[in-house]
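Report on the structure
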Amino acid sequence: MIIVEFSVVPIGVGVSLSSYVCEAVKVLENKGVKYQLTAMGTIFEAKTIDEAFKIIMEAHEAVIKAGAVRVITNVKIDDRRDKESSMEKKIE
């Protein structure tokens, strides 16, 4: 299981970013992946690295389609292959 933490930050759209974040979250909901919002980003699980990157790319593009002309996307990936993992197991 791939565990990803990412944030998509629109630049130059004002101080309130929640409507843009909502567009990125809609991508996760439409993909049906397990995710958790945090105060500074979003964590989700993917079965493959390809799936993870596709989701990140779609979330990034969703923020642009929402009207942002500049976007910074930060990504952190935990790709552990020696045993199954999950967001909950990492917290335990």
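Above: the structure in question.
Presented here is a report on the structure given in the accompanying data block. In this text, all values refer to a predicted model and were calculated from it rather than measured experimentally.

Here we come to the overall build of the protein. Of the regular secondary structure elements, the protein holds 3 helices and 4 strands. Each helix (α) and strand (β) of the protein, taken in turn from the N terminus, gives the series β-α-β-β-α-β-α. Against the globule reference of 12 Å for 92 residues, the protein gives a C-alpha radius of gyration of 13 Å, in line with a compact fold. Along the first, second and third principal axes, the C-alpha atoms of the protein reach 45 × 25 × 20 Å. Taken across its 92 residues, the protein has 33% of its residues classed as buried. Counting contacts in the protein only where the partners sit at least 6 residues apart, residues at least 24 apart contribute 74% of the total. Surface summary for the protein: the accessible area is close to 6,000 Å², and the carbon and sulfur share equals 54%. For the protein, the centre of its 13 positive side-chain charges and the centre of its 14 negative side-chain charges are spaced 1 Å apart.

For the coordinates displayed, the defined rule picks out 1 aromatic pair. Measuring from centroid to centroid gives 5.6 Å for Phe 6 and Phe 44, while their planes differ by 85°, and the two rings are edge-to-face. Separated by 38 residues along the polypeptide, Phe 6 in strand 1 (residues 2-11) and Phe 44 in strand 3 (residues 42-46) bring together distant segments of the chain. Classification of Phe 6 as buried rests on a relative accessible area of 4%.

Another point: the sheet that holds strand 3. Ordered by their spatial adjacency, 4 strands build an open sheet running 2-3-1-4, and the pairing between neighbours is antiparallel. Among the strands making up the open sheet, the edge pair consists of strand 2 (35-37) and strand 4 (70-79). Going across the sheet, the axis of each strand differs from the next one's by a mean of 20°, ignoring polarity. The sheet contact formed by strand 1 and strand 3 spans 5 bridges and is antiparallel.

Moving on: helix 1 (residues 18-31). Here helix 1 is 14 residues long and its end C-alpha atoms lie 20 Å apart, about the 20 Å a rise of 1.5 Å per residue gives. Of all the residues in helix 1, the buried ones are Tyr 20, Ala 24, Val 25, Val 27 and Leu 28. Down the axis of helix 1, the buried side of the element spans an arc of 140°, and every buried residue falls inside it. Against strand 1, strand 2, strand 3 and helix 2 (49-65) lie the buried residues of helix 1. One or two positions beyond helix 1, positive phi appears at Gly 32, with a value near 70°.

Bringing the layout of surface pockets into the picture now. Its boundaries defined by the atoms lining it, the largest pocket holds a volume of some 280 Å³. Put simply, the parts of the chain that give the lining of the largest pocket at least two residues each are strand 1 and helix 1. Looking at side-chain class alone, the lining of the largest pocket contains 14 nonpolar, 4 polar and no charged residues. Reported here for the second largest pocket is a volume of approximately 200 Å³. For the second largest pocket, the full set of lining residues is Ile 3, Val 4, Glu 5, Gln 36, Ile 43, Lys 76, Ile 77, Asp 78, Met 87, Lys 90 and Ile 91. At the level of secondary structure, the elements contributing two or more residues to the lining of the second largest pocket comprise strand 1, strand 4 and helix 3 (87-91).

Parameters and conventions
- Residues numbered from 1 in each chain as written.
- Predicted model: local features only at pLDDT ≥ 70, side-chain atom pairs only at ≥ 80, totals over all residues.
- Heavy atoms only, no water.
- Helix = DSSP H or I, 4+ residues; strand = E, 2+ residues; numbered from the N terminus.
- Rg over C-alpha atoms; globule rule 2.2 N^0.38 Å.
- Buried < 20%, exposed > 50% of the residue type's maximum accessible area, 1.4 Å probe, protein only.
- Contact = heavy atoms within 4.5 Å.
- Areas by Shrake-Rupley, 256 points an atom, 1.4 Å probe, with all protein chains shown as cover.
- Lys, Arg positive; Asp, Glu negative; His and termini not counted.
- Charge placed at Lys NZ, Arg CZ, Asp CG, Glu CD.
- Phe/Tyr/Trp six-rings, centres within 6.5 Å; stacked < 30°, edge-to-face > 60°.
- Pairing = 2+ DSSP bridges.
- Axes fitted to C-alpha atoms, helices over the stretch in contact; angles between N-to-C directions.
- Expected span 1.5 Å × (residues − 1).
- Arc of directions from axis to C-beta.
- 1 Å grid on protein atoms, 1.4 Å probe; cavity = no way out; pocket = protein on both sides within 12 Å on 5 of 7 lines; lining within 4 Å.
- Points joined across faces, edges and corners; volume = space filled by probe spheres on them.
- Nonpolar A, V, L, I, M, F, W, Y, C, P; charged D, E, K, R; others polar.

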